[in-house]
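# Architecture and fold: a report
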Amino acid sequence: MVNPAGRRRVRKRKSRGEKNGFRLSILGIAIAAAILLGYLTARFVIGPIIGYNADESPIKVTEQDDKSQDKNDKEDKNDEEAQKTAAVPEKGYALQFGAFSSREAAEELSRALKEKGIDTEIVEADSVFKVITPVADQKEDTLKALEDVKDKDVKDVFIASFG
């Protein structure tokens with residue numbers, strides 16, 4: 001094309017970097033939007049459907065009335081080897097050996113650990129029975145207990161913190 005002054009107009013080509021920079025920024029924005037939408041969907045749509053409340057702690061302390069507590073005390077007195085179900089501790093550290101959906105499975109593991117000389121208790125949280133050691137206030141005490149447990153040939157144990 002010729003303009004009135006008699007010169008040809010030349011189009012300036014963009015370099016490869018200028019073209020890719022725009023595309024990468026759009027890709028970054030699309031990824032960020034997808035992550036944000038995924039989070040919002042999980043928190044506000046899927047969470048309420050499955051009954052999960054992100055504002056509450058997933059560990060709930062079960063409160064027992066006096067009648068059920070008396071009943072549990074009588075059962076424990078009648079059966080010497082019955083494991084007591086304690087409420088989830090408010091604060092501290094313990095070794096956790098397993099989490100089970102049935103009390104019987106938790107009691108079986110607890111008995112096996114007692115045979116190895118490991119003192120355990122069963123804690124119920126959200127219909128899950130956890131086999132733990134007695135709760136210690138200091139993490140160092142729990143680390144020492146972990147070293148002792150390693151000598152007794154126990155697998156799949158980790159430190160659980162409460163509170």
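In this report, the structure presented in the accompanying data block is examined. (Residues numbered from 1 in each chain as written. Predicted model: local features only at pLDDT ≥ 70, side-chain atom pairs only at ≥ 80, totals over all residues. Heavy atoms only, no water.)

### Considering the overall build of the protein
Broken down by element type, the protein carries 4 helices and 5 strands. Counting helices and strands in the order they occur from the N terminus, the protein gives α-α-β-β-α-β-β-α-β. Considering the protein as a whole, with its 163 residues, one finds that 20% of them fall into the buried category. Surface accessibility of the protein: about 13,100 Å² in total, with carbon and sulfur atoms responsible for 52%. (Helix = DSSP H or I, 4+ residues; strand = E, 2+ residues; numbered from the N terminus. Buried < 20%, exposed > 50% of the residue type's maximum accessible area, 1.4 Å probe, protein only. Areas by Shrake-Rupley, 256 points an atom, 1.4 Å probe, with all protein chains shown as cover.)

### A closer look at the pattern of salt bridges
Evaluation of the coordinates by the stated rule reveals 2 salt bridges. The residue Glu107 makes a salt bridge to Arg103 at a minimum N-O spacing of 2.9 Å. Here Arg103 and Glu107 lie together in helix 3 (residues 103-115), a separation of 4 residues that amounts to about one turn. Judged by its relative accessible area of 17%, Glu107 falls in the buried class. Note that Lys114 is salt-bridged to Asp119, the shortest N-O span being 3.7 Å. Residue class for Lys114 comes out partly exposed when judged on its relative accessible area of 39%. Residue classification places Asp119 among the partly exposed residues on the basis of a relative accessible area of 46%. (Salt bridge = Lys/Arg side-chain N within 4 Å of Asp/Glu carboxyl O.)

### Notes on a nonpolar patch on the surface
A cluster of nonpolar side chains, Leu36, Leu37, Tyr39, Leu40, Phe44, Val45, Ile46, Ile49, Ile50 and Tyr52, forms an exposed patch at the surface whose accessible area comes to about 1,100 Å². Relative to the helices and strands, Tyr52 resides in the loop between helix 1 (16-50) and helix 2 (66-78). (Patch = residues over 30% accessible without salt bridge, like charges linked within 9 Å, V, L, I, M, F, W, Y side chains within 5 Å.)

### Overview of helix 3
With 13 residues, helix 3 ought to run about 18 Å at 1.5 Å a step, and its terminal C-alpha atoms sit 18 Å apart, in line with that. By the burial criterion, the buried members of helix 3 are Ala106, Glu107, Ser110 and Leu113. For helix 3, the buried positions fall inside an angular range of 125° around the axis, keeping them on one side. Away from the buried face of helix 3 by more than 90 degrees, exposed residues Glu104, Glu108 and Glu115 are located. Where helix 3 is buried, its residues meet strand 2 (92-100), strand 3 (121-125) and strand 4 (128-132). Positive backbone phi, approximately 90°, marks Gly117, located one or two places after helix 3. (Expected span 1.5 Å × (residues − 1). Arc of directions from axis to C-beta. Contact = heavy atoms within 4.5 Å.)

### Brief notes about the nonpolar core
Within the largest apolar cluster, 11 residues are counted, these being Leu95, Phe97, Ala106, Leu113, Ile118, Ile122, Phe129, Val131, Leu146, Val149 and Val154. Breaking this core down by element, the ones donating at least two residues are strand 2, helix 3, strand 4 and helix 4 (139-150). Judged by nonpolar contacts, the second largest core, of 5 residues, contains Ala94, Val123, Ile132 and Phe162. (Core = buried A, V, L, I, M, F, W, Y, C linked by side-chain atoms within 4.5 Å.)

### Here's the deal with the side chain of Thr142
Tracing the sequence through the fold places Thr142 in helix 4. Dropping the residues within four chain positions of it, Thr142 is found in contact with Tyr93, Ala94, Leu95, Ala136 and Ile159.

### Points about the environment of Ile159
You can see Ile159 is positioned in strand 5 (residues 158-162). Between the alpha carbons of Ile159 and Thr142 there is a distance of 7.3 Å; along the sequence they are 17 residues apart. Here Ile159 is in contact with Tyr93, Ala94, Leu95, Thr142, Leu143 and Leu146, once residues within four sequence places are set aside.

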